[in-house]
Each structure stands twice: as C-alpha cells, then as structure tokens.
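# Structure at a glance
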Amino acid sequence: MNDGVVPLRQYPSRRITFACRTCTRSGRYDKATLMKRVGPDEGLVVLRLKIAMALGCKLARATLAGEHTPGAAQCGAYYPGLR
Ligand SMILES: [Zn+2]
C-alpha cells in the first residue's frame, strides 16, 4: 500500500500500529481517537512523523521543522500494520 497520499480516515484498521526503524519507538493508537486529535484528512506520512515526534524522536522533529538535509539520517517511522 502506498501511504504517501492516504489520509488517516482510509487506514484499513481501527487500531493503528506505529514503529520507528531508527529509534525503536513504537506504539498502538485508536484510529477514532487520532482522527479527533489531528483530523480525518491528515496524511499518514505526516501523521507518523508527528507521532514519532510526540514520542521524542529528534529526527522526526527535524524533518517536520524542515531542517532535514539531504543525505542526513531520517526518522524511520512506519506502520507495521500496513503493507
Ligand atoms: Zn524515529
């Protein structure tokens, strides 16, 4: 599944699993709760960075702030439940 442009409301499950390849953070979230918090149209790519940042990932924070420089390490946030 290409989650590049997929909004949160189209996530195919009620439970959203999140994990990061680079900082080993992970979590499970209720889709309805997340939609209330960020809105149903939030893109899954941005959302996973926001989740990572909320969990304390500095790489995600830098990416969201636009401080990412090409070639530098990126947050490895992804959805283990999506494929
Ligand atoms: Zn991360």
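Note that the structure is predicted; figures quoted are calculated from it, not measured.

Let us now look at the pairing of strand 1 (residues 15-20). Burial along strand 1 is one-sided: I16, F18 and C20 are buried, and none of R15, T17 and A19, which face the opposite way, are. Looking at chain direction, strand 1 and strand 2 (residues 26-30) are connected through 5 bridges and run antiparallel. Bridge pairing in strand 2 links R15 to D30. What sits between the antiparallel neighbours strand 1 and strand 2 is a turn of 5 residues, in which T24 has the positive phi angle 60°. As paired elements, strand 1 and strand 3 (residues 77-78) share 2 bridges and run antiparallel to each other. Its bridge partner lying in strand 3, C20 is registered against A77.

Tracing the backbone shows P12 in the segment before strand 1. The exposure class assigned to P12 is exposed, which follows from the 10 C-beta atoms found within 10 Å. For the pair formed by P12 and L82, sequence separation is 70 residues and the distance between their alpha carbons is 8.2 Å.

Another aspect to go through is the sheet that holds strand 1. Either a parallel or an antiparallel arrangement is found when strands of a sheet pair, and the pairing is made through backbone hydrogen bonds. One open sheet holds the 3 strands; their spatial order is 2-1-3, and the pairing between them is antiparallel. The sheet is open, and its two edges are formed by strand 2 and strand 3, each paired on a single side. Contacting strand 1 and strand 2, helix 1 (residues 31-38) runs over the sheet at an angle of about 85° to strand 2.

Cut-offs used in this document
Residues numbered from 1 in each chain as written. Predicted model: local features only at pLDDT ≥ 70, side-chain atom pairs only at ≥ 80, totals over all residues. Buried ≥ 20, exposed ≤ 12 C-beta atoms within 10 Å, placed from the backbone. Helix = DSSP H or I, 4+ residues; strand = E, 2+ residues; numbered from the N terminus. Pairing = 2+ DSSP bridges. Contact = placed C-beta atoms within 7 Å. Axes fitted to C-alpha atoms, helices over the stretch in contact; angles between N-to-C directions.

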